[in-house]
Amino acid sequence: MSTLVKNIVRFCLFVLVQVFVLYQIPPLHHLVTPYIYFLFILWLPYKMGRRTQLLLAFLLGFALDSFTKTYGLHSAPCVLIAYLRPYLINLLLTREGSDFNYNEPSVQSMGLTPYFTYVTILTFVHHVSLFFLQALQTGGLVYFIIKALFSTAVSLLLILLTELLFSRKQRFRTNIV
Amino acid sequence: MRNVIIFFRVYFTFFFFLFLLGLSLYLLFSYNKFHNALYSEVANEVTGSISNQYNKVSYYFYLKQTNDSLVKANEKLYNQLREDYNIPDTVNRIFIDTLSTDSLQRFRRFLYREAKVVRNSVNQPNNYIILHRGSELDIRNDMGVIAPNGGVVGTVIEVSDNFSVVMSLLHIQSNTSGRLKKGGETGTLVWDGVDKNILLLKDITKSAKISAGDTVITSGFSEKFPEGLLLGYVKDIINDKSSSTYTVRLRSAVNFETLQFAYIIENLQGNEVNQLLKKVKSK
């Protein structure tokens, strides 16, 4: 599958899973709201232009917002993590030339620890900004900080499961024929 | 000037980021205005039809509860039939009204219309319900919505051709007038965004005698709901020493999670009242 088709499919799937599975399941506790849709942003190719990433992140958030009728609530955190993503990748990508040999961030291309640091930081940033925006509208800042922590933990667990269940096999690309 | 242009070019990505972030925040904090925008109506149709497909499947899992609630609602209505009452006094004879039945519509104040719930959420701080009935079937903004058991669900805030969006009671900005059935003290029903089963009734005077289990009903002061619809049952009282009023915690009367059908209430005399109010204000 070409990168474009793959990402279009992912975009739709992540939004639908978030809306019709994760928002629909009875909450474990009112402190826990799991999120997984932003994994789309984390999985975008290395080579993609930064402005395209930002725009895609905005569209992703906006698509989700159209379902939940909270325009802007999910797009703001998405744009934020899409902006932070390249910096974080630069910091964490220790293997020389990984971004040339592999398509997108994964355990395979980045190594286990850097990849999970990358996912953890961006998940945390996403959740804190999302719940902070909710807290601005509703009040109860401490409640939302605790909620962000618990939700991050559960979301990370879900992301781990996703990684294990849907292993993304990537070809090692090289210019040596 | 040249330097300024270079500066913008170098940091263009950053400005693009700021632009998108600003746009998101603008949409977020001015969403009431945005709700009336054209996009919102189109999006409503699209997300509504996707939700409708999804609901066709998920509805089967709630058939039993839905059936039970409808049977209960029917039982309640059967018990209100005139045939159930044996009026002992022969003076109270029932006369058939000689007015034609259509003209009764002049006296009708509230009209109920059924609607299927196609999407529902309870986990967010701002929950919306989407109903499969829109402006083509006479739904307009600001109509009240109730559940089959007679409990208040919310208010219609956005309508497209075939779907309407309801602001649930489980919404931070939801604001309904409620009254204690026993004592008659009125307060404002709000939600704090924490527990989906707990609603808050604010501004109850401290002279009110409240005990756990008391019923709270709509006051009938708003145009949306007739008087006496269920809101919830008193759970406990938060006694804030610094304030002169009680805040009462309620168990909500409606189970928002399993909601599959709703009734939309139209106030046929609402326009008249609004026009009257407008006239008073313009004076």
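In this text, all values refer to a predicted model and were calculated from it rather than measured experimentally.

Draft legend 1. Spatial organisation of the overall build of chain A. Looking only at helices and strands, chain A has eight helices and zero strands in total. Listing every helix and strand of chain A by position from the N terminus yields α-α-α-α-α-α-α-α. Taking 2.2 N^0.38 as the reference for a compact globule, 177 residues should give roughly 16 Å; the C-alpha atoms of chain A span a radius of gyration of 16 Å, in line with that estimate. Overall, chain A is about 60 × 30 × 30 Å in size when its C-alpha atoms are taken along their principal axes. Every one of the 177 residues in chain A was classed for burial, and the buried ones make up 37%. Expressed as a percentage of contacts within chain A between residues at least 6 apart in sequence, the contacts between residues at least 24 apart total 63%.

Draft legend 2. Structural context of the overall build of chain B. Along its length, chain B carries six helices and 12 strands. Residues classed as buried in chain B amount to 33% of the 283 residues present. Contacts spanning at least 24 positions in sequence make up 60% of the contacts within chain B whose residues lie at least 6 apart.

Draft legend 3. Layout of the interface of chain A and chain B. Listed per partner, the contact involves 28 residues of chain A and 26 residues of chain B. Residue assignment for the side of chain A that touches chain B shows that the elements contributing at least two residues are α3 (50-68), α4 (75-92) and α7 (112-138) of chain A. Here the side of chain A that touches chain B gets eight residues from one element, more than from any other, and that element is α3(A). In terms of residue class, the side of chain A that touches chain B is built from 14 nonpolar, 11 polar and three charged.

Draft legend 4. Representation of helix α6 (residues 270-282) of chain B. Between its first and last C-alpha atoms α6(B) spans 18 Å; for 13 residues at 1.5 Å apiece the expected length is 18 Å, and the two agree. Within α6(B), only zero of the 13 residues are buried, which leaves the element largely exposed.

Draft legend 5. Representation of the sheet that holds strand β9 (residues 215-218) of chain B in the model. All names here are of chain B. The strand order β6-β7-β8-β11-β10-β9 describes a closed barrel built from six strands, whose pairing is antiparallel. Between one strand axis and the next, the sheet turns by 40° as a mean value, whatever way the strands run. In terms of strand pairing, strand β6 (residues 176-180) meets β9 through three bridges, oriented antiparallel. From the neighbouring strand, R179 faces β9, where its bridge partner is I217.

Draft legend 6. Seen up close, α4(A). Over its 18 residues, α4(A) extends 25 Å from the first C-alpha to the last, a length consistent with the 26 Å expected when each residue adds 1.5 Å. When the local axis directions of α4(A) are compared, the greatest deviation, roughly 35°, occurs at R85(A), which is followed within four positions by the proline P86(A). Buried residues of α4(A): S75(A), A76(A), P77(A), C78(A), V79(A), L80(A), I81(A), A82(A), Y83(A) and R85(A), and no others. On its buried face, α4(A) sits against α2 (39-42), α3 and α7 of chain A together with α2 (12-29) of chain B.

Draft legend 7. Quick look at the pairing of strand β1 (residues 110-120) of chain B. Residue and element names in this part refer to chain B. Bridge count for β1 against strand β12 (residues 261-267) is seven bridges, and the pairing is antiparallel. Each bridged residue has a counterpart across the sheet, and for Y112 the counterpart in β12 is I265. Alignment of β1 against strand β2 (residues 126-131), held across three bridges, turns out to be antiparallel. By the bridge assignment, V117 is partnered in β2 with L131. The antiparallel pairing of β1 with β2 creates a hairpin that spans five residues between the two strands.

Draft legend 8. Examining the sheet that holds strand β4 (residues 152-159) of chain B more closely. Residues and elements named next belong to chain B. In space, the six strands of this closed barrel follow the order β1-β2-β5-β4-β3-β12, with antiparallel pairing throughout. Strand-to-strand, the axes of this sheet are offset by a mean angle of 45°, without reference to chain direction. As judged from the five bridges shared by β4 and strand β5 (residues 164-171), these two strands associate in the antiparallel manner. Residue G154 lies in a different strand from β5, and its bridge partner there is S168.

Draft legend 9. The pairing of strand β10 (residues 230-238) of chain B, seen in detail. All names here are of chain B. In this structure, β9 lies alongside β10, joined through three bridges in antiparallel fashion. Bridged to V216 within β10 is G232. For β10 and strand β11 (residues 245-252), the ladder comprises six bridges, and the chain directions are antiparallel. Within the sheet, the bridge partner assigned to D236 lies in β11 and is R249. In sequence, β10 turns back onto β11 through a hairpin of six residues.

What counts, and at which threshold
- Residues numbered from 1 in each chain as written.
- Chains lettered and ligands numbered in written order.
- Predicted model: local features only at pLDDT ≥ 70, side-chain atom pairs only at ≥ 80, totals over all residues.
- Helix = DSSP H or I, 4+ residues; strand = E, 2+ residues; numbered from the N terminus.
- Rg over C-alpha atoms; globule rule 2.2 N^0.38 Å.
- Buried ≥ 20, exposed ≤ 12 C-beta atoms within 10 Å, placed from the backbone.
- Contact = placed C-beta atoms within 7 Å.
- Nonpolar A, V, L, I, M, F, W, Y, C, P; charged D, E, K, R; others polar.
- Expected span 1.5 Å × (residues − 1).
- Pairing = 2+ DSSP bridges.
- Axes fitted to C-alpha atoms, helices over the stretch in contact; angles between N-to-C directions.
- Bend = angle between axes of the 7 residues up to and from the residue.

By themselves these figures say nothing about function.
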